[in-house]
Amino acid sequence: RRSHAAIPFLHLPHSRPHMNSREQALRDIAARRVHPVNPADNQPTSEYFGVNTFNVHAMREKLPSAVFAKIVETVRLGKKLDSDIAPVVAHSIKEWALARGATHFCHWFQPMTGLTAEKHDAFLSFDENMQPLESFSGEQLIQSEPDASSFPSGGLRATWEARGYTAWNPSSPVFIFESAGTRTLCIPSVFIGYHGEALDEMAPLLRSSDVLSERAMALMALMGDKGVRRVTTTLGAEQEFFIIDRGHFAQRPDLVMTGRTLMGAPPPRGQQLEDHYFVGIPERVMACFAEVERELYKLGVPIVTRHNEVAPCQFEMAPRFEETDIAVDHNQLVMTILR
């Protein structure tokens, strides 16, 4: 609220002895200021949407026309990447990333932990005279070899046998992630074992999409439509979440330790709390929404909806429908940015 006078507990004496932690948290919360997005940054979303992604527009500008045609065909038809064009693509991505201020790159993948994983490598290298330079090869773009021994699917094997491989998924755009003043080039990847065993959540999804496309094309051919070259599925993953002031959060050991509620009163039945649904978004939450959306738009995530949900402190944002594998990557980015 803008007016502090509307909050009754602010009239409590400031020198009240024996104030408990909850009362102190409420007093601190009421005094917090809203931190809006810098007005100087206000500009149409279309002007900066996807600025941190190596999308089709960036590829068309940076890649030779023949290479661009091959990479587009790889993405649209789900074909295997032509290894001959990998060095050219890697060079273009490196130049684009360096121009955007990136210093490191990583293969960004989704092990079976519910989170994403990444191991950063610097572009920094040295020539034969030990002079520093930036390098990024086609091999580094296509594949990496992180240790798999400490992931859920890798820990069952002996450490020296628990090898894992990340392989670039060209259907999902390469992007730059900004954090703490640094910029890292992230290469969306699958995570597989030496014999091709899926060690992540993405490889089974891509394989399922390929099988579904093949069966659907066969069905279309039986029905007389023989011109179909690819069938895709779409997904629009809503994100519902709670925003709780850190003063209250710090008093909940279950939230601090696990990130979820383990104790509390039973939820009410019925529609007792419907007055919170779709009501005006609180000012501090709106500022949070605006900051989150700006970062997601720079990453090319098409968030188009935001509103209050039913429970107190519960909110929602939702994107446009996209191809399923891209939507899954974007959903992970939404959760990362929210945290």
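This report concerns the structure included in the present document.

### Points about the packing of helix H10 (residues 283–298) against helix H11 (residues 324–338)
Across the interface, H10 lies against H11 with an axial gap of 10 Å and an inter-helix angle of 140°. For the element pair H10 / H11, the angle class is oblique. The crossing of H10 and H11 is right-handed. On H11, the residues that touch Val292, Glu295 and Leu296 of H10 are Leu333, Val334, Ile337 and Leu338.

### What to know about the sheet that holds strand S12 (residues 303–308)
Judged by pairing direction, the sheet is antiparallel, and its three strands sit side by side in the order S11-S13-S12 without closing on themselves. Looking at the sheet topology across the chains shown, the edges are occupied by strand S11 (239–242) and S12. Across the sheet, the axes of successive neighbouring strands diverge by a mean angle of 20°, strand direction being ignored. In this structure, S12 lies alongside strand S13 (residues 314–319), joined through five bridges in antiparallel fashion. Bridged to Asn308 within S13 is Phe315. Of the strands in this sheet, S11, S12 and S13 are in contact with H10, which crosses S13 at around 25°. Running over the sheet, H11 touches S11, S12 and S13 and is turned about 15° from S11.

### Concerning the nonpolar core
Ranked by internal contacts, the top residues of the largest apolar core, which has 25 residues, are Ile71, Val89, Ile93, Phe136, Leu141, Trp168 and Leu185. Contributing elements (two or more residues each) for this core: helix H3 (56–62), helix H4 (65–77), helix H5 (86–99), strand S8 (174–179) and strand S9 (182–192). Among the elements that line this core, the one with the most residues is H5, at five residues. Ranked by size, the runner-up nonpolar core spans 20 residues in total, among them Cys106, Phe241, Phe315 and Leu333.

Rules of the game
- Residues numbered from 1 in each chain as written.
- Predicted model: local features only at pLDDT ≥ 70, side-chain atom pairs only at ≥ 80, totals over all residues.
- Heavy atoms only, no water.
- Axes fitted to C-alpha atoms, helices over the stretch in contact; angles between N-to-C directions.
- Helix = DSSP H or I, 4+ residues; strand = E, 2+ residues; numbered from the N terminus.
- Parallel < 35°, antiparallel > 145°, perpendicular 65-115°, else oblique.
- Left-handed = near helix turned anticlockwise from the far one by under 90°.
- Contact = heavy atoms within 4.5 Å.
- Pairing = 2+ DSSP bridges.
- Core = buried A, V, L, I, M, F, W, Y, C linked by side-chain atoms within 4.5 Å.
- Buried < 20%, exposed > 50% of the residue type's maximum accessible area, 1.4 Å probe, protein only.

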